[in-house]
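# Analysis of the macromolecular model
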Amino acid sequence: MLTLPPDYRPTDDEEFMNPRQAEYFRLKLLRWRAELLKEADGTLASLSEGGIHEADITDRATVETDRALELRTRDRARKLIAKIGQALLRIENGGYGFCEETGEPIGLKRLEARPIATLSIEAQERHERMEKVHRDD
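Description of the structure in this document. (Residues numbered from 1 in each chain as written. Predicted model: local features only at pLDDT ≥ 70, side-chain atom pairs only at ≥ 80, totals over all residues. Heavy atoms only, no water.)

### Looking at the overall build of the protein
Secondary structure summary: the protein contains four helices and zero strands in total. The order of helices and strands in the protein, counted from the N terminus, is α-α-α-α. When burial is assessed residue by residue, the protein has 25% of its 137 residues classed as buried. Taking the contacts inside the protein whose residues are at least 6 apart along the sequence as the reference set, 51% of them involve residues at least 24 apart. Of the roughly 9,700 Å² of accessible surface on the protein, 53% is carried by carbon and sulfur atoms. (Helix = DSSP H or I, 4+ residues; strand = E, 2+ residues; numbered from the N terminus. Buried < 20%, exposed > 50% of the residue type's maximum accessible area, 1.4 Å probe, protein only. Contact = heavy atoms within 4.5 Å. Areas by Shrake-Rupley, 256 points an atom, 1.4 Å probe, with all protein chains shown as cover.)

### Here's the deal with the packing of aromatic side chains
Aromatic ring pairs are reported here in terms of the distance separating the ring centres and the angle at which the planes meet. A full pass over the atoms with the stated rule returns four aromatic pairs. Relative to Phe-25, the ring of Tyr-24 lies with its centre 5.1 Å away and its plane at 85 degrees, an arrangement referred to as edge-to-face. Of the two residues, Tyr-24 and Phe-25, neither departs from the other in class, the shared state being buried. Centre to centre, the rings of Phe-25 and Tyr-96 are 5.7 Å apart; their planes meet at 45 degrees, and the pair counts as tilted. With a gap of 71 residues between them, Phe-25 in helix α1 (residues 19–47) and Tyr-96 in the loop between α2 (57–93) and α3 (108–113) connect regions that are remote in the sequence. Summarising the burial analysis for this pair, Phe-25 and Tyr-96 share the class buried. Feature note: the residues Tyr-8, Tyr-24, Phe-25 and Tyr-96 constitute an aromatic cluster, connected by ring pairs. (Phe/Tyr/Trp six-rings, centres within 6.5 Å; stacked < 30°, edge-to-face > 60°.)

Purely geometric numbers; function is a separate question.
Given below as structure tokens:
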């Protein structure tokens, strides 16, 4: 394991996805996953508190709507946790930070904003244009 200085931030001046950068993103992903898991535990605790005890039908509907929204949010978080796991595996295998389509570096700014990114901005834009074309058919 590599120990990073607390103020370390990857820069374009260093070799792309060198061990320091890989460790930086590994730690970032691990913190993100831990945060999501902590939130999921809170959701599970609140949902397991029992049934809906609201007497008023409007209040009951509001509680049910809130629960449904929370469950959708948790489902998105579950999928995100899986993507974080895949990104961590790419770090272990040396493929993290490189576009799955072109093999080119994804870019530090994009990885900072979206550490689970698998496509460069250009490849992502092509992918989204193709989705739009097929969706409009």
